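Single-letter residue listing:
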Amino acid sequence: MRTLYFDCFSGISGDMVIGALIDAGADPIKMEEELKKLNMDEEYNLSWGKVVKNGITSTKFDVILTSKSDQTHEHSHSHEHEHSHSHEHEHSHGQDHRHGHSHSHEHEHSLGHEHNHSHVPHSHHGSRTYKQIVEAINEANFNESVANMSLAIFKKIGEAEGHIHGLPLEKVHFHEVGAVDSIIDIIGAAILIDQLGIESVQSSAIPTGSGHIHIDHGIYPVPAPATLEILKGVPIASNDIRSELATPTGAAIAAVLAGNFGSLPPMTVESIGYGAGSKTFENHPNVLRVIIGETQ
């Protein structure tokens, strides 16, 4: 069985998942084409390229919002996407400015690819309701596997946010996950996993980090309430790094897709990918490793 293993030794986020899958051999150009079905492509540009994190060459993936977006993603949990856009993206929106400027400048300018879009704008910019997201996915005519994965991940986050804020799912307004970059991360990850022919997903325990983060509601502990709610029933690994390592999007991707959490299963390894996070730690490579191979 073709199995994908998330080795989350430095946590997991949506952009790290996509970077790792591209690094493992998935085709980002085909992903771009599929994402155009959402009719949101005037709102963003995609960028990916090789960076070095503490000696590990990895792929950094970014969603760069354009002026066509009203940038309401700023109301999201700002930890959701800690993109430290490399120097060629000085026009980006600085999503991780609230978490300190621990940017990696190691080769981040090299081998980058930026792709511009100029198609029909989506009528709902930035924040979207759960109902609008579900409708957009259903109307996009993705294949059944991509649609089901995407819907399940959004539902997981929506239920967690609803629980935290005391709202039923249908009343949840997705400032957080409705942000364009989160939509692209979730659906893009589903597209790449389907593209790679993955039949089962497993994961290590998830380290969440520690400390505090600044979001629009104030100063919150790490893990953030939504992240912790999403990870109920999932093994959480201890980690003494004082930073957020698992975002709600990353946590939901693992929680929904992984059928088992534990050590690397016996497998014949076929490909390995490293997806870079934005922060750089002094003695710790901030990357997500994915391992793809055949298990019995």
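It should be emphasised that the depicted structure is a prediction, and the values quoted were computed from it without experimental measurement.

Some remarks on the pattern of salt bridges
Now for step 1: Summed over all chains, the structure comprises 9 salt bridges.
Now for step 2: Put simply, D15 and K60 hold a salt bridge, and the shortest N to O gap is 3.2 Å. In this pair, D15 sits in helix α1 (residues 14–23) while K60 sits in strand β3 (residues 56–65), placing the two residues 45 residues apart along the sequence.
Now for step 3: For D15, a relative accessible area of 2% gives the class buried.
Now for step 4: K60 gets classed as buried once you look at its relative accessible area, which sits at 5%.
Now for step 5: Across the salt bridge formed by R128 and E43, the nearest N and O atoms sit 2.9 Å from each other. With a gap of 85 residues between them, R128 in strand β5 (residues 128–129) and E43 in the loop between α2 (28–35) and β2 (44–53) connect regions that are remote in the sequence. Judged on exposure class, the residue R128 and its partner E43 are both buried.
Now for step 6: One network of salt bridges, with partners in common, ties together D15, K60 and D62.

Conventions adopted
Residues numbered from 1 in each chain as written. Predicted model: local features only at pLDDT ≥ 70, side-chain atom pairs only at ≥ 80, totals over all residues. Heavy atoms only, no water. Salt bridge = Lys/Arg side-chain N within 4 Å of Asp/Glu carboxyl O. Helix = DSSP H or I, 4+ residues; strand = E, 2+ residues; numbered from the N terminus. Buried < 20%, exposed > 50% of the residue type's maximum accessible area, 1.4 Å probe, protein only.

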